[in-house]
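# Survey of secondary and tertiary structure
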Amino acid sequence: MTPTDDHDWWRTAVIYQVYPRSFADADGDGTGDLRGITGRLDHVAEVGADAIWLSPFYPSPQADGGYDVADYRAVDPMYGTLADADALIDRAHELQLRVVVDLVPNHCSDRHERFVAALAAGPGSPERGMFHFRDGRGVDGELPPNDWTSMFEGPAWTRVTESDGTPGQWYLHLFAPEQPDWNWDDERVHAEFATTLRFWLDRGVDGFRVDVCDAIVKAPGLPDWPHTTHGVVEPVEGVMPPMWDQEGIHDVFREWRRILDEYDGQRILCAEAWLPPERAARIVRSDEMHQAFNFAYLSLPWDASAVRENVDVSLRANDAVGAPTTWVLSNHDVMRHASRYGYDGPVELEAGVGADDPQPDRALGLRRARAATLLMLGLPGSAYLYQGEELGLPEATALPDTVRQDPIWERSGHRIRGRDGCRVPLPWTADGPSFGFSSSADPWLPQPTDFGSYAADVQQADDDSTLAMYRRALDTRRSLGLGSGSMTWLPSPDDVLTWSNGAVVVVGNFGTDPVPLPVGEVLVASVPDAAADGVLAGGSAVWLRVDDQG
Ligand code: NOJ
């Protein structure tokens, strides 16, 4: 059964990201799996999401948490079987949850059969043409073909040993060496991905979140680029880096869009592209993708004027192309927002935190995170949630370095800890081995000992919990149509944002002192004591129903 076919469901959808390795483990091996997810989908439906997005569950050596895909059209045995994927999709649809899966078109795994064949086939072969193989520079080709660096540190090129045992060509990998980049100038790559899209569309998925989609086409000739890129990619002296946001990406998106449009219902594409809103908006023109993540929004500090500016720019850019704006605060690549906002000042999103580093202020972080979520859900458009944020889950900031799995930890010579801290398995129950994540007491990443206090079952029974706030907010958002509304700023003091969205006035106090509130009925408050006696406490937010919004 497919969900009721609401027109343009994706324009207002709240999409809940599931990281399969860490959501729920049904077979007791300490790693999450598809049956575990299916068994816990009721939770997602009860939170009030409209859809789930599943990070990759395809066969993978896990050199980069599954973003190194060895086979795009199968399920890794550690996650289950294709039948389990079918059962998951069916159950989600029964619960009126749509299902978005991950498409990873920039690179595959070095174990993908096409790459294995390319290695075996040798220089100049058609097999190598599906990837970016080049001869090296220097007298004996001992230098990489250009100066690009990998997103995971070190050169973006690895030299292969040819079948005769001699050092040979180099191949390009914008990420880990185990993730060779596809060459999208080759028609066979287009055909591969068309087949993959159809494979999952035929199985009933409702869309794709498209990994680093802005990198698939490189500038002709792969010119040198001596800069490194982290976070939102900005042009340097007016020029976009030759590996990001090249004009040719749009033709590929149009091609994919035509495939999706052949299918019934509304199947969607969501761009993972760390671009400023104005550039990201070009990806969501009417014949390209449907949505693009708003990473500029995710990257904001706890600062009223920065939020206001981003909201204005984002809405303007997306309105201009008729696309919904999306909002997101957390995902599997960045420090959880409940911890991010527990620091004063800017935080490196993907760098990770170790036990000896300055630790976030937990209470402050959670307080602001709840407010930030309520503000986000009060904006028109679509919003993405990351598993565990509905529990107010903090980043694991004291993981032993010995358990780290993010490739950047090794690649950076143990300088950058990376993203494991936001990928720790979820706590479902206050007690039990791995807090209900698994029957094993040994999950693939260890959970902090106090994770039980965040467990879903504890929060279920508490009307003041973060979980209760998320449910109330999503229920109200849906019943009052906030996702399809439009917002108008209302006057407010410094450090405060106030806007109306239909019948609701949203107020957020980024400062520490209480501020006067408009008179109105409190619909949802970020924390129980936020709005009382006509004032809004510092670091909190509220939704009010106000009769006269003047
Ligand atoms: C973005 C994904 O979200 C991240 O986890 C991954 O490491 C890179 N793309 C490379 O696929």
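Residues numbered from 1 in each chain as written. Predicted model: local features only at pLDDT ≥ 70, side-chain atom pairs only at ≥ 80, totals over all residues. Heavy atoms only, no water.

Below, the discussion takes up the overall build of the protein. Secondary structure assignment for the protein yields 15 helices and 19 strands. Over its C-alpha atoms the protein spans a radius of gyration of 23 Å, differing by no more than 12% from the 24 Å that the globule rule assigns to 550 residues. Principal-axis analysis of the C-alpha atoms places the extent of the protein at approximately 80 × 50 × 50 Å. Across the 550 residues in the protein, those meeting the buried criterion constitute 61%. (Helix = DSSP H or I, 4+ residues; strand = E, 2+ residues; numbered from the N terminus. Rg over C-alpha atoms; globule rule 2.2 N^0.38 Å. Buried < 20%, exposed > 50% of the residue type's maximum accessible area, 1.4 Å probe, protein only.)

So, on to the site of the ligand. With respect to spatial proximity, the complete set of residues near the ligand consists of Asp-64, Tyr-67, His-107, Phe-152, Phe-175, Arg-209, Asp-211, Glu-272, His-332, Asp-333, Arg-419 and Arg-423. Asp-211 is positioned such that a nitrogen or oxygen atom in its side chain is 2.7 Å from an oxygen atom of the ligand. Take Arg-419: an N or O atom from its side chain is 2.9 Å from an oxygen atom of the ligand. For the ligand, whose free accessible area comes to 290 Å², the fraction covered by protein is 97%. Along the lines of polarity and charge, the residues of the shell around the ligand split into three nonpolar, two polar and seven charged. (Near = heavy atom within 4 Å. Polar contact = N/O pair within 3.5 Å; in protein donor to acceptor, adjacent residues only side chain to side chain. Areas by Shrake-Rupley, 256 points an atom, 1.4 Å probe, with all protein chains shown as cover. Nonpolar A, V, L, I, M, F, W, Y, C, P; charged D, E, K, R; others polar.)

A word on the pattern of salt bridges. For the structure on display, the rule yields 37 salt bridges. Arg-472 is paired through a salt bridge with Asp-463; the nearest N and O atoms lie 3.7 Å apart. (Salt bridge = Lys/Arg side-chain N within 4 Å of Asp/Glu carboxyl O.)

Another aspect to go through is the domain arrangement of the protein. Annotation of the protein at the domain level lists domain 1 (9-105 + 187-467), domain 2 (113-172) and domain 3 (487-545). On the side of domain 3, 25 residues touch domain 1, which itself brings 19 residues to the contact. Here domain 1 meets domain 3 over a buried area of about 1900 Å², counting both sides, of which 70% is carbon and sulfur. When the buried surface of domain 1 facing domain 3 is broken down by residue, Arg-367, Leu-374 and Leu-375 rank first, second and third, together holding 36% of it. The tally of links between domain 1 and domain 3 comes to one salt bridge. Taken together, the links from domain 1 to domain 3 amount to seven residue pairs in polar contact (both at pLDDT 80 or more). Contributions of two or more residues to the side of domain 1 that touches domain 3 are made by helix H10 (304-321) and helix H12 (362-377). Counting residues per element, the side of domain 1 that touches domain 3 draws most heavily on H12, which supplies seven residues. Looking at the side of domain 1 that touches domain 3 residue by residue, the class counts come to 11 nonpolar, one polar and seven charged. (Domains from an automatic or database assignment. Contact = heavy atoms within 4.5 Å. Buried area = accessible area lost by both parts, 1.4 Å probe.)

Turning our eyes to something else, we now look at helix H6 (residues 187-202). For H6, built from 16 residues, the straight-helix expectation of 22 Å at 1.5 Å per residue is met to within 8% by its first-to-last C-alpha distance of 22 Å. Buried within H6 are the following residues: Val-189, His-190, Glu-192, Phe-193, Ala-194, Thr-196, Leu-197, Trp-200 and Leu-201. On its buried face, H6 is in contact with helix H4 (82-94), strand E3 (98-103), helix H5 (113-121), strand E7 (207-210) and helix H7 (249-261). Positive phi appears at Gly-204, one or two residues downstream of H6, with a value of about 105°. (Expected span 1.5 Å × (residues − 1).)

Attention shifts here to the sheet that holds strand E14 (residues 504-509). The strand order E12-E13-E14-E19-E16 describes an open sheet built from five strands, whose pairing is antiparallel. Strands with a single pairing partner mark the edges of an open sheet, and in this sheet they are strand E12 (487-489) and strand E16 (521-525). Taken pair by pair, the neighbouring strands of this sheet meet at an average axis angle of 25°, ignoring direction. Pairing of E12 with strand E13 (residues 496-501) involves three bridges; the strand directions are antiparallel. Looking at the pairing, Trp-489 lines up with Trp-499 of E13. In the packing of H12 onto the sheet, the strands contacted are E13, E14, E16 and strand E19 (540-545), and the crossing angle to E19 comes to about 35°. Relative to E16, helix H15 (residues 466-479) is tilted by about 125°, and along the sheet it contacts E16 and E19. (Pairing = 2+ DSSP bridges. Axes fitted to C-alpha atoms, helices over the stretch in contact; angles between N-to-C directions.)

One open sheet accounts for three strands, arranged E4-E6-E5; its pairing is antiparallel. Pairing within the sheet leaves two strands with one partner each, and these edge strands are strand E4 (133-134) and strand E5 (157-161). In the sheet, E4 pairs with strand E6 (residues 167-172) via two bridges, with the strands oriented antiparallel. Residue pairing in the sheet places Phe-133 in a bridge with Tyr-171 of E6.

Attention shifts here to the packing of H6 against H7. At their nearest, the axes of H6 and H7 sit 10 Å apart, and the two run at 30° to each other. Our pair here, H6 against H7, has a crossing hand that is right-handed. When H6 is examined against H7, the residues His-190, Phe-193, Ala-194, Leu-197, Arg-198 and Leu-201 are found in contact with a partner set consisting of Val-252, Glu-255, Trp-256, Ile-259 and Leu-260. When the residues that make up the contact of H6 with H7 are grouped by side-chain class, the tally is eight nonpolar, one polar and two charged. (Left-handed = near helix turned anticlockwise from the far one by under 90°.)

So, on to H4. With 13 residues, H4 ought to run about 18 Å at 1.5 Å a step, and its terminal C-alpha atoms sit 18 Å apart, in line with that. Every buried residue of H4 is accounted for by Asp-84, Ala-85, Leu-88, Ile-89, Ala-92 and His-93.

This paragraph deals with the nonpolar core. Phe-208, Trp-256, Met-289 and Trp-543 are the most contacted members of the largest nonpolar core, which totals 162 residues. The leading source of residues in this core is H12, at seven residues. Membership of the second largest hydrophobic core comes to 13 residues, among which are Leu-490, Val-507, Ala-530 and Val-542. (Core = buried A, V, L, I, M, F, W, Y, C linked by side-chain atoms within 4.5 Å.)

Okay, the pairing of strand E8 (residues 268-271) next. Neither face of E8 is left uncovered, since the one carrying Ile-268 and Cys-270 and the one carrying Leu-269 and Ala-271 both have all their residues buried. One ladder, built from four bridges, connects E7 with E8; its direction is parallel. From the neighbouring strand, Arg-209 faces E8, where its bridge partner is Cys-270. As defined by bridge partners, E8 adjoins strand E9 (residues 291-292) across two bridges and the pair is classed as parallel.

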